[in-house]
Amino acid sequence: MKIQVFFLTLVLTSAQLNQRCTTDDNCHNHAAPCTNTNCVCDPQTFTCRLALGLECMENGECRTGTICSEGRCLALDGQRCEEGLCITGGDCVNEVCHASPGLAWDPVGQVYSPCDPMCETCLNPSDPRSCLTCADSDKVPIGGACVCVEGAANSEGQCLPCDPSCLTCAVPESPFGCTACVLDTMTLISGVCFCPEGMAWNEAALNCENCDPSCATCSIPGDPTACTSCVTGTLINGNCTTNGLSIECPDGTAADSQGTCQPCHHSCQTCLLPNNPNRCSSCSRDKRLVGGMCVPYKVKYKKYKRPPARCPQLMASINGVCKCIRGYVGDSLSASTSDSYCLPCDQSCLTCYEAENPNACTSCYRGMYLHSGSCTMSPFPQPPTYECSPNCLNCTRPHDPNQCTSCAMANSIQRNGMCICPAGNYNFTNTCVEPCDFPCLECFINDSSICTACPSNLLAFGGTCVCPNGTALASEGECASCDVSCATCIEPDNPNACSSCSDPRATLTNGMCVCPDPLMTYNEAGLCECPEGQVEIEDTCVFMSCGPGTVLVDNECVPCSIEHCVNCETPTTCTECEPGYYLLNGRCIRCPTHCLTCTSGTVCTLSLIHICRCRRIERCRSRWSP
């Protein structure tokens, strides 16, 4: 019998839970509770509705905005919630369900699904271009994509610094990937920041500095051997000379960049370049030649009065000193019994100052010409044979993209020693082709999808073209305004796609800017405000009414400024007048003299004549006139 009673009680409870909230339920201003104990009062509509967390209807049905999950009615994304009763994966924030961090709402499956790994929070699950906040602290969401902060760019998932000449870039650590230059005086052309004419970038000083006076343009400031074009004369291996022929200078001197013979450095006996201790070609007897420098011997050797009886192999006695024979260079001039001190010059050299180096010749065989340490068949200097940067066909320094003398890429242009593609082109199989990918105006030299310049209505940031703040890229390629609640967004006119909020008091939750009070809505200025008839006190909407003769203005009761007004809509617009006055265009006008009350200047609602019932109307008027 006890079991039957318990079963009956359970059935009654379930039936009670499944009752709908009746239309008779009224909880206006919370003055009257809901008659059904399974219903709660909605603070927005002041009507009763089925509470969350209760059992679903017998057919699995729940009220609008909820879903039956594990037998209980739980709120869907964006719907009102109480006590955290949201569908799995949702958080109840300000009585509204939002996705938990790392999840986004899938409206088709009506479930919360994971964001792309790049996103901390997102608008659409598994979409790397719908990020609202980023998983990595060194990245920010721009146009829905997580890109590196200013001054860095992405490389295999990591943010690496831009080249020092770039303020912002699309490709890190590359002078070809700039999107903005570090100096206002620099010019951005096809992703490269160029100094003004006659100047070059000094990476140590992070500044543009003047070229050597002999250079019209150069790759290294102040270096006469780094010219890329000349003021006058001919460019030969980075030097500007008055003619293409080598200049013969007396011993102890060498030609400078102007073609004038100037003294060698004091440490040199003869030299290849003037006043340069690293370009000696021979030394005095008390020094030896090591790598182009004349260095003193560590040991002073005794001078022979007559030649020694015998010198080691590959050496010959010269003035009593054993020296290497022609075609060899030695590391020591001592009369050693070992032949390891004499090493062969390069086969192109007759004599040299460094072994096996074609650029270290000091004299040449008959019919050969000496140019900057090299022996050639032509009286005119020839370009060196070292490997150039990939964009260069010929160059003056190996592996240096700033020292091209001719370009390897077809249709490319040369500027200040660099080979670049024209604006709107990129390098495809060593040929500059067009166009770059939409919406790039210009792109990285080797990748058409990495923007280095954008159309006038877009901004270049992190290798992409993005809309200005307050707008987002629409499907037709134009920038359209964000929702009024968003300061920035990833989709235009979408309140669930904000990346920052227009009202600083709002909370950004999974793309939605939530006002501090659920009753607040956004005005045209993008600020949260309370409904009409309520005022905001400490970020909370409360009801407030003013007494007779006053009106609510900016959360304060202000007196009506219209004379004889009892109630007003604004301080200057009356809605009800004192007795003896009627309302006309928001102002109070005195009734005719024979009326106590009236609705207009011709219609009395209470006449003095009917009240007095006397013969002399003037006497009544004087007694009853207000």
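Parameters at a glance
- Residues numbered from 1 in each chain as written.
- Predicted model: local features only at pLDDT ≥ 70, side-chain atom pairs only at ≥ 80, totals over all residues.
- Heavy atoms only, no water.
- Core = buried A, V, L, I, M, F, W, Y, C linked by side-chain atoms within 4.5 Å.
- Buried < 20%, exposed > 50% of the residue type's maximum accessible area, 1.4 Å probe, protein only.
- Helix = DSSP H or I, 4+ residues; strand = E, 2+ residues; numbered from the N terminus.
- Pairing = 2+ DSSP bridges.
- Contact = heavy atoms within 4.5 Å.
- Polar contact = N/O pair within 3.5 Å; in protein donor to acceptor, adjacent residues only side chain to side chain.
- pLDDT = per-residue confidence, 0-100.
- Disulfide = S-S within 2.5 Å.
- Salt bridge = Lys/Arg side-chain N within 4 Å of Asp/Glu carboxyl O.

A word on the nonpolar core. Formed by 18 residues in total, the largest nonpolar core has its most connected members in Phe 176, Val 192, Met 409, Phe 444 and Ile 445. Counting only elements with at least two residues in this core, the list comes to strand E18 (192-194), strand E39 (392-395) and strand E42 (418-420). Ranked by residue count, the leading element in this core is E42, at three residues. Judged by nonpolar contacts, the second largest core, of 11 residues, contains Cys 162, Cys 178, Cys 193 and Cys 195.

Of the strand pairs in this sheet, strand E61 (residues 565-570) and strand E62 (residues 573-577) are connected by four bridges, and their pairing is antiparallel. In the strand pairing of E62, Cys 565 is matched with Cys 577. Once E61 ends, the chain turns through two residues before running back antiparallel as E62.

With that settled, consider the environment of Thr 575. Its place among the elements puts Thr 575 in strand E62. Judged by relative accessible area, Thr 575 falls into the partly exposed class, the value being 44%. Sequence-wise, Thr 575 and Arg 587 are 12 residues apart; in three dimensions their C-alpha atoms are separated by 8.2 Å. Those residues in contact with Thr 575, other than ones at most four positions away along the chain, are Cys 565, Asn 567, Cys 568, Glu 569 and Leu 583.

By the secondary structure assignment, Asp 163 is in the loop between strand E14 (158-161) and strand E15 (166-169). In this structure Asp 163 comes out as buried when scored by relative accessible area, which is 13%. For Asp 163, the side chain forms a polar contact with the side chain of Ser 165, separated by 2.7 Å. If sequence neighbours within four positions are ignored, Asp 163 has contacts with Glu 173, Ser 174 and Pro 175.

In the predicted model, the protein chain carries a mean pLDDT of 75, and 76% of its residues have values of at least 70. Across residues 622-626, where pLDDT falls below 50, the model places seven contacts with residues more than four positions away in sequence or in other chains.

Here the structure, examined in full by the defined rule, presents 30 disulfides. Each sulfur of the disulfide joining Cys 148 and Cys 159 lies 2.1 Å from the other. Disulfide Cys 148-Cys 159: torsion about the S-S bond near -90°, hence left-handed. Taken together, the residues span a long stretch of sequence, with Cys 148 in strand E12 (residues 145-148) and Cys 159 in strand E14 at a distance of 11 residues. Using a relative accessible area of 4% as the deciding quantity, one classes Cys 148 as buried. Here Cys 166 is linked by a disulfide to Cys 178, with a sulfur-sulfur distance of 1.9 Å.

Under the counting rule described, the total for this entry stands at four salt bridges. Two residues, Lys 139 and Asp 136, come together in a salt bridge whose shortest N-O distance is 3.7 Å. For Lys 139, a relative accessible area of 7% corresponds to the buried category. The closest approach of N and O atoms between Glu 536 and Arg 505, which form a salt bridge, is 2.3 Å.

Turning our eyes to something else, we now look at the environment of Cys 595. Within the secondary structure, Cys 595 is located in strand E65 (residues 595-598). Along the sequence, Cys 595 and Gly 580 sit 15 residues apart, while their C-alpha atoms lie 7.0 Å from each other. Those residues within four positions of Cys 595 in sequence are excluded, and the remaining contacts are Cys 604, Leu 606, Ser 607 and Leu 608.

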